[in-house]
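Examination of the molecular architecture
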Amino acid sequence: MKKTILTLISIFLIATGAVFAENVVIEAKKQEIKVDQNKGFFNGDVKVTVGDVTVKSPRAELDLDPNSKKPSLAVFYDNPYAFQNKDNKKHEIKSRIMKVSLIKKTILAEGDTQSIMLKDRQPVITINADMQQYDTNTKLMRAKGGVIVHYNDVETFSEFASAIVDKEGSVKNLKLEDNVVIKEGVNILKGNKFEYIAPREEYYLTGNTSSDLTFDDGTRLFVKSRYQQYNRLTNNVIAGGDVKVNFKDYFAQGPKAQLFVDSKTNKPKEVIFTGRSKITQNGSTVEADRIRMTMEPKEFFADGNVKTSIQGNNGSMEIMP
């Protein structure tokens, strides 16, 4: 699952590299330019082209710079549609209102926004949100309000998302915030904040986190903690803060745990708890300063002030004559 999520992250961006220095070409059935008011009004099949970016809408307004009288801000109304073609790729944006700043070099889409990235005419990623904005100066993409991302069978849900991209279009940093849910099939990750740092190939999930994973044989692994950290290079998960792990008939809890994942099968192979921890199986418990639990074979090892409580057949024992 995590490899697929990282693939999603690597293309999670707005590919809007508009060349704002290019001339602005405006087509419409009706055009009215009020130079003294620094305004332009356009109605009927409005089409504005800026470099390789095209915006279409029924109606638009244009602000002119008071000094140069050049276009500074274009506002499109009545469900505008913007698109950009580059080689075999296409990026589309739809919204109720769209604002293109030719000075700040930003595109702001508001109201039922949807961005779709296509490759060879096939959708690669779709982003829905109340608002989406892309800044070509900082290479920062932001989406806010009911943010939903679709990529193959992966879906993410959050209230806020942001991504910083480099000149090649690769994501350097990705953040999802507020009620984050990441789904891939039956697997679900939850938390309040999610951050991916590309140089370290690492992500952090913080704030009442949980991972609910189901494997091919039907077994489930459930991890709950205050934070979870996954590193793709080491292929392991670190969970901290009141960690609870459920696996088959095991229940384990402790202040910190490290989950090691098999790089070939992508299944967990062992969990190591550090700090005073407890593992329970069929009513019997073991407490220790360090507990190591393996998945296949299903075994556990404890050391450091170990305390074992084994549940008997009837829970009592008579030693008096």
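See the structure shown above.
This text gives an overview of the structure that appears in the document. Source: prediction; values computed, not measured.

With respect to the environment of I116
Mapped onto the fold, I116 is located in strand β9 (residues 106–119). C-alpha of I116 to C-alpha of K90: the two residues are 26 residues apart in sequence and 8.2 Å apart in space. In contact with I116, other than residues within four places in its own chain, are K90, H91, E92, P123, I125 and T126.

Describing the pattern of salt bridges
In the structure shown here, the tally under the stated rule is 14 salt bridges. Among the ionic pairs, R59 bridges to D78, the shortest N-O distance being 3.4 Å. Of this pair, R59 sits in strand β4 (residues 53–64) while D78 sits in the loop between β5 (71–77) and β6 (81–86), and the two are 19 residues apart along the sequence. On the accessibility criterion, R59 (30% relative accessible area) is partly exposed. Take D78: its relative accessible area is 39%, and that puts it in the partly exposed class. In this structure, the salt-bridge partner of R96 is D112, at a minimum N-O distance of 2.7 Å. Of this pair, R96 sits in the loop between β7 (89–94) and β8 (97–101) while D112 sits in strand β9, placing them 16 residues apart in sequence.

Quick notes on the packing of aromatic side chains
Inspection of the entire model under this criterion finds 4 aromatic pairs. Judged by centre distance (5.5 Å) and plane angle (45°), the ring pair of Y203 and Y230 falls under tilted. Residue Y203 is found in strand β15 (residues 202–214), and its partner Y230 is found in strand β16 (residues 220–231); the two are separated by 27 residues along the sequence. Relative to F300, the ring of Y250 has its centre 6.0 Å away and its plane inclined at 80°; by these criteria the two rings are edge-to-face. With Y250 in strand β18 (residues 250–261) and F300 in strand β21 (residues 299–303), this pair connects stretches of sequence that are 50 residues apart. By relative accessible area, which is 3% here, Y250 ends up buried. Ring pairs connect the aromatic residues F194, Y203 and Y230, which therefore count as one cluster.

Thoughts on unusual backbone geometry
Phi at N79 takes a positive value of approximately 60°, unusual for a residue other than glycine. If you trace the backbone, N79 turns up in the loop between β5 and β6. Although it is not a glycine, D112 sits at a positive phi angle of roughly 50°. Owing to a relative accessible area of 51%, D112 belongs among the exposed residues under this scheme.

Considerations on the nonpolar core
Of all hydrophobic cores here, the largest spans 43 residues; its most connected members are F194, L221 and F273. Looking at this core element by element, the count peaks at 5 residues for strand β17 (residues 236–247). Core analysis: the second largest hydrophobic core is formed by 18 residues, A60, F76, M98 and A109 among them.

Some remarks on the environment of L62
Position of L62 among the secondary structure elements: in strand β4. For L62 and K99, which are 37 residues apart along the polypeptide, the C-alpha to C-alpha distance reads 9.8 Å. When residues no more than four places from it in sequence are discounted, the contact partners of L62 are I26, N38, K39, G40, F42, P71, L73 and A74.

Things to note about the pairing of β6
Both β4 and β6 contribute to a ladder of 4 bridges, which runs antiparallel. Following the sheet pairing, T54 is matched in β6 by F83. Relative to β7, β6 runs antiparallel, the two sharing 6 bridges. Bridge pairing in β7 links F83 to E92. In this structure, the hairpin formed by β6 and β7 is closed by a connection of 2 residues, where D87 is found at a positive phi of approximately 55°.

Thresholds applied
Residues numbered from 1 in each chain as written. Predicted model: local features only at pLDDT ≥ 70, side-chain atom pairs only at ≥ 80, totals over all residues. Heavy atoms only, no water. Helix = DSSP H or I, 4+ residues; strand = E, 2+ residues; numbered from the N terminus. Contact = heavy atoms within 4.5 Å. Salt bridge = Lys/Arg side-chain N within 4 Å of Asp/Glu carboxyl O. Buried < 20%, exposed > 50% of the residue type's maximum accessible area, 1.4 Å probe, protein only. Phe/Tyr/Trp six-rings, centres within 6.5 Å; stacked < 30°, edge-to-face > 60°. Core = buried A, V, L, I, M, F, W, Y, C linked by side-chain atoms within 4.5 Å. Pairing = 2+ DSSP bridges.

Any link to function would need more than the numbers given here.
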